[in-house]
Amino acid sequence: MRKPALIVLIYEGIVANVFDFDYAPQSDLIENRRVWLNISQEGKSDIEFLREEELLAGLQKPTRSYKPVTCYQITKKGMGVVKKISRKDKEIVHEVTYMRGSRELLEAEWDGNDYWLQSKSGYRRKSTITDTEDVSYVSSAYVPQCLRYGGRPTLSNAHRAHESAVNTNQIRDNLDEVITLNSVSIIVAEYVPFGANQIVQLNNNVGSTERVQGGFISPDIDDNAGGTSMTDDHDLTSVDILDYTLTHHINFEAEIRFQEESGVVQVETFGVSLNAEGTCFYGMQVEAVMDRIKDNISLDHLARLLVDVQQDSSAIVDSIISEYQRELMQLIFLGDASNRNKVNLIIANEITPHLTAEEYMDKGEYENELKQVIGDTKAAYDISEHDTLIFGAYGLLVCGPNSRHHEPLLCAYLQFITIDIFVQNYFARMWILSADMETTNKVIEVSDSDPTSLGRIRYRICKLARDIIQLDEILGYLLEALEIIEIPPEPPEQAGRSLYERLEISGMRSQLVRRTTDLKKNIAGSQRYLDVLRERAHVVSEGKMFELNENLEANSRKLCELQDYNCQSAHSLWILKLMFAGTFAWDLLDRLTGEWTVMNSTWMQEMANTMILVSPGLWFVISIFMWLGVSVGILIIFSRMNKDSHKIITLKQRLNKRIFVEKLRDLLKTKIKTMEEFKYGPEKDIVTLTYEEKDPKEWGNAAPTVVIEYDQRNQYLLDVTLHYSKAEASRNLAFNATDLQKKLLTEFEELGIYDPEGEDHSGDALAVDKRLAIEQRINAEEAEGEEEEEDE
């Protein structure tokens, strides 16, 4: 069983009161999507314990997201332990793992946005593991003094702390509190590609240089800036400038006014500090969480508060940075920039219980509590007798009465750790880019057998070129940031020196410079590979053009030959028509003047003697006029027939659709085949087949002739041509071109000759396009849900 699926089942067991664990939201990467999952650290700890005791075996397996997934399998030793578990305990677990009322095992399946529990029989229900829970809290803006350059102090919301003491909450679990914090400050930090020009533009955007600074900001783009009035239905953020320098930094307070769920009260004010190096700090002084005012803040509540801070901080900065920067962030995080991972710095004046650093790393309840707010713990140190430093996978916790004295070192560390996180995401994006390029190469390789490939190849190369250009620009911002970020000097006091040593700031800088230099080689390699793909695509395009020219040349030769034959036939036909008319006219006269004709009558003999015997020239004139009359009659009849021949509808349609050849052959068995032509090549076998419909009544009493061209080897229906005579059809029942197209294509669809799965190239789509497809599906489902609610 894969680890993410096991985490889903553990969560479902907690919600169903089967497992006595806690859970907290944590950012995780699932198939290139960064989402928030309610993860039980106690459950993960117990899984690791089972592995240590060799009751479970683990397998690391690479994935398409280039992040290995851990798979678990019970060992023989574990099976022996399972046999000793009582039937009663097993039945309790079965309530979660089996479909109700059956023994069908439930499996956790990811659909790109949510986890679903489903069985083989078709039962399916959505898991709430991706639904994060909100808590009520009151906060004030917090900007460390080392980041300030004058200006007024931040305002406090301590007088509103009582507002969070509401009786309602969304938490679906009974929380076990092990560790609490007093006087908590939070700094959430991230790296966003910035430069001096971007800072100047940002200062202009928020009105730093204006007489009345700040105001409300909106993420929407105004499409009618020259108009008079406008409306904005989005939740707004109020910005109040604290201090700024035009090309280096800006500090401001941001009051969030987003609408929350009923019963949840959030007085949310950020202190935001942005600089030209690209480090974004979002600071918050926690005044109260739920009914806890200032002190005794639970880590369970704090974990849920941090999710809200991370999401809302993304909304704040995305609304004030440029569209270009938003595009860069969406590129790196593959359309999930709103859920991008950040680093948490938690500073508390006191931690309860106060233990040594080693005691917190107990692989038990203390460490599990800490993992909820800083991720998987890496190390813990006592930097002084009263101060403790704990490192986690996505944050660090500094506790003690002197912890705030170390803000300059901690902020410097955050500058480098945010770049470290960004470089990790950048490197993962490079692998995704490489996979997209490799897929493009495979599409080029099969282009001869896929008539639709050329358009997709061109689209992919254009998108890949744009991505590489932007990735190269981001790399430039990273290298510039690493050059200008200053490393603070080592503090003189013992606690400061100890912290300086543990943070290893100077070592981090050299490592990041080396890693970004390594990324330059990756980008250069990707650019060269893209050049190769461009060249191969050009070869494919030339091959298609050469094939087209060959076909045109062959058709031209055929047309020239046909034209010569037509000219000769036309001349011969004209002579034959004249000769036939004369012969027919004279034969007609011979019939009239033969022995068995009216020449035997007296009156006719007298007239014939007069016209033939007495005046032979007169009979010649009569013969000529007879010839001309019959000729005119025949020409009139021929003209009418020729006019009717022009009442033919010719319908041509290029389909290039994947088909089931066997089903097409079954269809052709019901038709009258008149001609088949086969053209075999190294990559495809083209069949051109002409048939007539059997039942003219279905087509308005005029059976059409259909010519289809398909690739027998690669199973593609290429072209369809239909000829329909309106002259033969009944006047009231004759089809027009639209009717003919609809009837013909409907017949193909009803008989199921199309292969939609074979034509589906979504599996080969670019990573960005896959993410966009998921977003469109989510929006469609939400719109459908809203329509159903309105109908109810």
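The preceding data block contains the structure.
On a predicted model such as this, the values are computed, not experimentally measured, just so you know.

For the rest of this paragraph, the subject is the overall build of the chain. When helices and strands are tallied, the chain shows 19 helices and 25 strands. In the chain, the share of contacts with a sequence separation of at least 24, taken over all contacts with a separation of at least 6, comes to 68%. By element, 52% of the accessible surface of the chain is carried by carbon and sulfur atoms, the whole surface being about 42000 Å².

Counting buried positions along strand S17 (residues 343–352) yields 7 of 10 residues, so the element is predominantly enclosed. Pairing of strand S9 (residues 180–191) with S17, which is carried by 9 bridges, proceeds in the antiparallel orientation. Considered in S17, the bridge of Val188 is made with Asn344. Judged from the 5 bridges that link them, S17 and strand S20 (residues 395–399) form a sheet pairing that is parallel. Each residue of the ladder has a partner; that of Ala348, found in S20, is Cys399.

Residues Glu782, Glu784, Glu786, Glu787 and Glu788 make up a contiguous surface patch of negative charge. On the basis of relative accessible area, Glu782 is assigned to the partly exposed category, the value being 47%.

Moving on, we come to the pattern of salt bridges. Tallying each qualifying case throughout the model produces 31 salt bridges. The shortest N-O distance in the salt bridge between Arg515 and Asp420 comes to 2.4 Å. Here Asp420 lies in helix H10 (residues 407–445) and Arg515 lies in helix H13 (residues 505–593), a separation of 95 residues in the sequence. Of the charged contacts in the structure, one is a salt bridge between Glu662 and Arg665, with a shortest N-O distance of 2.9 Å. With Glu662 and Arg665 both in helix H16 (residues 661–668) and 3 residues apart, this pair spans about one turn of that helix. Beyond isolated ion pairs, a larger network of salt bridges with shared partners links Asp111, Arg777 and Glu781.

Turning our eyes to something else, we now look at helix H1 (residues 3–15). Counted at 1.5 Å a residue, the expected span for H1 with its 13 residues is 18 Å, and the 19 Å between its end C-alpha atoms agrees. In terms of burial, H1 is largely enclosed, as 10 of its 13 residues are buried. Along H1, the residues that are buried comprise Ala5, Leu6, Ile7, Val8, Leu9, Ile10, Tyr11, Glu12, Gly13 and Ile14. Count one or two residues on from H1 and you reach Asn17, which has phi positive near 60°.

This part takes up the packing of aromatic side chains. Enumeration according to the criterion identifies 12 aromatic pairs in this entry. On the numbers, 6.0 Å between centres and 25° between planes, the contact of Phe19 with Phe21 is stacked. With a relative accessible area of 26%, Phe19 lands in the partly exposed category. Phe21 gets classed as buried once you look at its relative accessible area, which sits at 17%. With a centroid separation of 5.9 Å and 90° between ring planes, the pair formed by Phe427 and Trp431 is classed as edge-to-face. With a gap of 4 residues between them, Phe427 and Trp431 both fall in helix H10, about one helical turn apart. For Trp431, a relative accessible area of 42% puts it in the partly exposed group.

Now for the sheet that holds strand S23 (residues 685–692). Consider a sheet: its strands pair through backbone hydrogen bonds, and that pairing is either parallel or antiparallel. Taken in spatial order, the 5 strands make up an open sheet running S21-S25-S24-S23-S22, and their pairing is antiparallel. Edge positions in the sheet fall to strand S21 (648–658) and strand S22 (672–680), since each of these pairs with one other strand and no more. Across the sheet, the axes of successive neighbouring strands diverge by a mean angle of 10°, strand direction being ignored. Here S23 runs beside strand S24 (residues 705–711); their pairing, made up of 7 bridges, is antiparallel. Bridging across to S24, Thr690 finds its partner in Val707. H16 contacts S22, S23 and S24 of the sheet and is inclined by roughly 160° relative to S24. Where helix H17 (residues 737–750) meets the sheet, it contacts S21, S23 and strand S25 (716–725), and its direction lies at approximately 35° from that of S21.

Turning next to the sheet that holds strand S7 (residues 124–126). In space, the 3 strands of this open sheet follow the order S5-S6-S7, with antiparallel pairing throughout. Because the sheet does not close on itself, it has two edges, and the strands there are strand S5 (107–110) and S7. Strand-to-strand twist across the sheet, computed as the mean angle between neighbouring axes with direction ignored, equals 30°. Pairing geometry for strand S6 (residues 115–118) and S7, over 3 bridges, is antiparallel. From the neighbouring strand, Trp116 faces S7, where its bridge partner is Lys126. Set on the sheet, H1 makes contact with S5, S6 and S7; between it and S6 the angle comes to about 75°.

What follows deals with the environment of Tyr529. With respect to the secondary-structure elements, Tyr529 resides in helix H13. Each C-alpha atom of the pair Tyr529 and Met437 lies 7.9 Å from the other, and the pair is 92 residues apart in sequence. If near-sequence neighbours (up to four positions away) are discounted, Tyr529 is found in contact with Met437, Glu438 and Asn441.

A few words now on the packing of helix H7 (residues 323–332) against helix H11 (residues 453–484). Where H7 meets H11, the closest approach of the two axes is 10 Å, and the angle between their N-to-C directions is 105°. As judged from the angle between their axes, H7 and H11 are roughly perpendicular. Every residue of H11 that contacts H7 at Tyr324, Glu327, Leu328, Leu331 and Ile332 is listed here: Arg466, Asp467, Gln470, Leu471, Glu473, Ile474 and Tyr477. Residue composition of the contact of H7 with H11, grouped by class: 7 nonpolar, 1 polar and 4 charged.

When a strand is regular, its side chains alternate between the sheet's two faces. Most of strand S12 (residues 249–256) is tucked away: 7 of the 8 residues are buried. As judged from the 8 bridges shared by strand S11 (residues 237–245) and S12, these two strands associate in the antiparallel manner. Looking at the pairing, Thr245 lines up with His249 of S12. Following S11, the chain reverses through 3 residues before pairing antiparallel with S12. Strand direction decides the pairing type here: S12 and strand S13 (residues 266–275), joined by 8 bridges, are antiparallel.

This paragraph deals with the environment of Ser139. Examined against the element boundaries, Ser139 turns out to sit in strand S8 (residues 137–141). Residues contacting Ser139, with those up to four places away along its chain left out, are Asn157, Val267, Glu268, Thr269, Met284, Gln285 and Glu287.

Close contact between H7 and H10 brings their axes to 9 Å; oriented N to C, the two are set at 65°. Comparing the axis directions of H7 and H10 gives the class roughly perpendicular. Of H10, the residues touching H7 (which contributes Met329, Leu331 and Ile332) are Phe422, Asn425, Tyr426 and Arg429. Here the contact of H7 with H10 is composed, by residue class, of 5 nonpolar, 1 polar and 1 charged.

Before going further, it helps to examine H16. Within H16 the residues assigned to the buried category are Val661, Leu664, Leu667 and Leu668. Seen end-on, H16 carries its buried residues on one side only, within an arc spanning 110°. If you follow the buried residues of H16, they end up packed against S22, S23, S24 and H17.

Rules used in this analysis
- Residues numbered from 1 in each chain as written.
- Predicted model: local features only at pLDDT ≥ 70, side-chain atom pairs only at ≥ 80, totals over all residues.
- Heavy atoms only, no water.
- Helix = DSSP H or I, 4+ residues; strand = E, 2+ residues; numbered from the N terminus.
- Contact = heavy atoms within 4.5 Å.
- Areas by Shrake-Rupley, 256 points an atom, 1.4 Å probe, with all protein chains shown as cover.
- Buried < 20%, exposed > 50% of the residue type's maximum accessible area, 1.4 Å probe, protein only.
- Pairing = 2+ DSSP bridges.
- Patch = residues over 30% accessible without salt bridge, like charges linked within 9 Å, V, L, I, M, F, W, Y side chains within 5 Å.
- Salt bridge = Lys/Arg side-chain N within 4 Å of Asp/Glu carboxyl O.
- Lys, Arg positive; Asp, Glu negative; His and termini not counted.
- Charge placed at Lys NZ, Arg CZ, Asp CG, Glu CD.
- Expected span 1.5 Å × (residues − 1).
- Phe/Tyr/Trp six-rings, centres within 6.5 Å; stacked < 30°, edge-to-face > 60°.
- Axes fitted to C-alpha atoms, helices over the stretch in contact; angles between N-to-C directions.
- Parallel < 35°, antiparallel > 145°, perpendicular 65-115°, else oblique.
- Nonpolar A, V, L, I, M, F, W, Y, C, P; charged D, E, K, R; others polar.
- Arc of directions from axis to C-beta.

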